[in-house]
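Tertiary structure, described
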Amino acid sequence: MDSCLFCQIKDKKVEASIVYEDKFVTAFLDLWPANPGHVLIVPNKHFSNYSDIESDYLIAMALASQKILKAIEKSDIDCHGANFFLSDGELAGQEVMHSHMHITPRFKEDGHRMGFVDTLNSKKADRMKLNEIAAIISSNIVSMAHE
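First, a word on what this report is: a plain description of the structure on this page.

Cut-offs applied
- Residues numbered from 1 in each chain as written.
- Predicted model: local features only at pLDDT ≥ 70, side-chain atom pairs only at ≥ 80, totals over all residues.
- Heavy atoms only, no water.
- Buried < 20%, exposed > 50% of the residue type's maximum accessible area, 1.4 Å probe, protein only.
- Helix = DSSP H or I, 4+ residues; strand = E, 2+ residues; numbered from the N terminus.
- Pairing = 2+ DSSP bridges.
- 1 Å grid on protein atoms, 1.4 Å probe; cavity = no way out; pocket = protein on both sides within 12 Å on 5 of 7 lines; lining within 4 Å.
- Points joined across faces, edges and corners; volume = space filled by probe spheres on them.
- Nonpolar A, V, L, I, M, F, W, Y, C, P; charged D, E, K, R; others polar.
- Phe/Tyr/Trp six-rings, centres within 6.5 Å; stacked < 30°, edge-to-face > 60°.
- Contact = heavy atoms within 4.5 Å.
- Polar contact = N/O pair within 3.5 Å; in protein donor to acceptor, adjacent residues only side chain to side chain.
- Expected span 1.5 Å × (residues − 1).
- Arc of directions from axis to C-beta.

1. So, the pairing of strand S5 (residues 101-106)
Among the six residues in S5, six count as buried, and that is most of the element. Here S5 shows no split at all, with Met101, Ile103 and Pro105 on one side and His102, Thr104 and Arg106 on the other all buried. Of the strand pairs in this sheet, strand S3 (residues 39-43) and S5 are connected by three bridges, and their pairing is antiparallel. Bridge pairing links Val39 to Ile103 in S5.

Quick look at the structure:
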């Protein structure tokens, strides 16, 4: 996709600080990092949504994320933990509609908070309702396996 920023980066049409690339993925530093060493991993084929990513690309993203985190941990970059983050869809905060994973190195008092802030005050879910939702999801997984 010519208009996609991440496709342009992987095609070397737009400058980026690339940290890793292989047949399936390209990883580069985020231009607006949450912390130093904040990396984006993008599949080399354009997929707008996470659920559309083909297995080979998804596996490569996971393997690259582990390799990159090990490299960060081995470096002098301040990293005492990390967040792996992927927003899927505009309502979830995805800004570039090319599915991608963030790796954000974390360190004490870095000033960032990740997670579901609103859930700190939420009520415990009803087990019956949880079981209903689990049954719906499980049933769809089984039916998709037969497609």
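2. Overview of the layout of surface pockets
The computed volume of the largest pocket comes to approximately 660 Å³. As for the largest pocket, its lining consists of 25 residues, of which Asp30, Trp32, Leu40, Glu95 and His102 are closest to the centre. Secondary-structure elements contributing two or more residues to the lining of the largest pocket are helix H1 (5-10), strand S2 (25-29) and S5. A total of three residues in the lining of the largest pocket trace back to one element, the largest contributor, which is H1. Considering only residue class, the lining of the largest pocket consists of 14 nonpolar, eight polar and three charged.

3. A word on the packing of aromatic side chains
Taken as a whole and judged by the stated rule, the model has three aromatic pairs. Ring centres of Phe6 and Phe28 lie 5.5 Å apart, and the angle between their planes is 65 degrees; this geometry places the pair in the edge-to-face category. In this pair, Phe6 sits in helix H1 while Phe28 sits in strand S2, placing the two residues 22 residues apart along the sequence. For the pair Phe6 and Phe28, a shared accessibility class is recorded, and that class is buried. When the centroid spacing of 5.4 Å and the interplanar angle of 65 degrees are considered together, the rings of Phe47 and Tyr57 count as edge-to-face. Here the residue Phe47 occupies a position in the loop between S3 and helix H2 (55-74), and Tyr57 occupies one in helix H2, the gap between them amounting to 10 residues. As far as burial versus exposure is concerned, Phe47 and Tyr57 are alike and both buried.

4. What about the environment of Ala64?
Mapping Ala64 onto the fold places it in helix H2. With 49 residues separating them along the chain, Ala64 and Arg113 place their C-alpha atoms 24 Å apart. With residues near it in sequence (within four places) discarded, Ala64 still touches Tyr20, Val25 and Ile41.

5. Details of the side chain of Asp110
Relative to the helices and strands, Asp110 resides in the loop between S5 and helix H3 (127-145). The buried category is assigned to Asp110, whose relative accessible area is 14%. A distance of 2.6 Å separates polar atoms of two side chains, one belonging to Asp110 and the other to Arg106. Residues within four places of Asp110 in sequence aside, it is in contact with Asn35 and Pro105.

6. A closer look at the pairing of strand S1 (residues 18-21)
In this sheet, S2 lies alongside S1 in antiparallel orientation, the contact comprising three bridges. Bridging across to S2, Glu21 finds its partner in Thr26. Counting the residues in the hairpin turn of S1 and S2 gives three residues.

7. What to know about H2
If you check H2, its first and last C-alpha atoms are 29 Å apart, about what 20 residues at 1.5 Å a residue would give, namely 28 Å. Those residues of H2 that fall on the buried side of the exposure criterion are Tyr57, Ala60, Met61, Ala64, Ser65, Ile68, Leu69 and Ile72. With its buried residues spanning 165 degrees around the axis, H2 presents them on a single face. Turned more than 90 degrees away from the buried face of H2, the exposed residues are Ser55, Leu63, Lys70 and Lys74. Those residues of H2 hidden inside the fold are in contact with S1, S2, S3, strand S4 (81-85) and S5.

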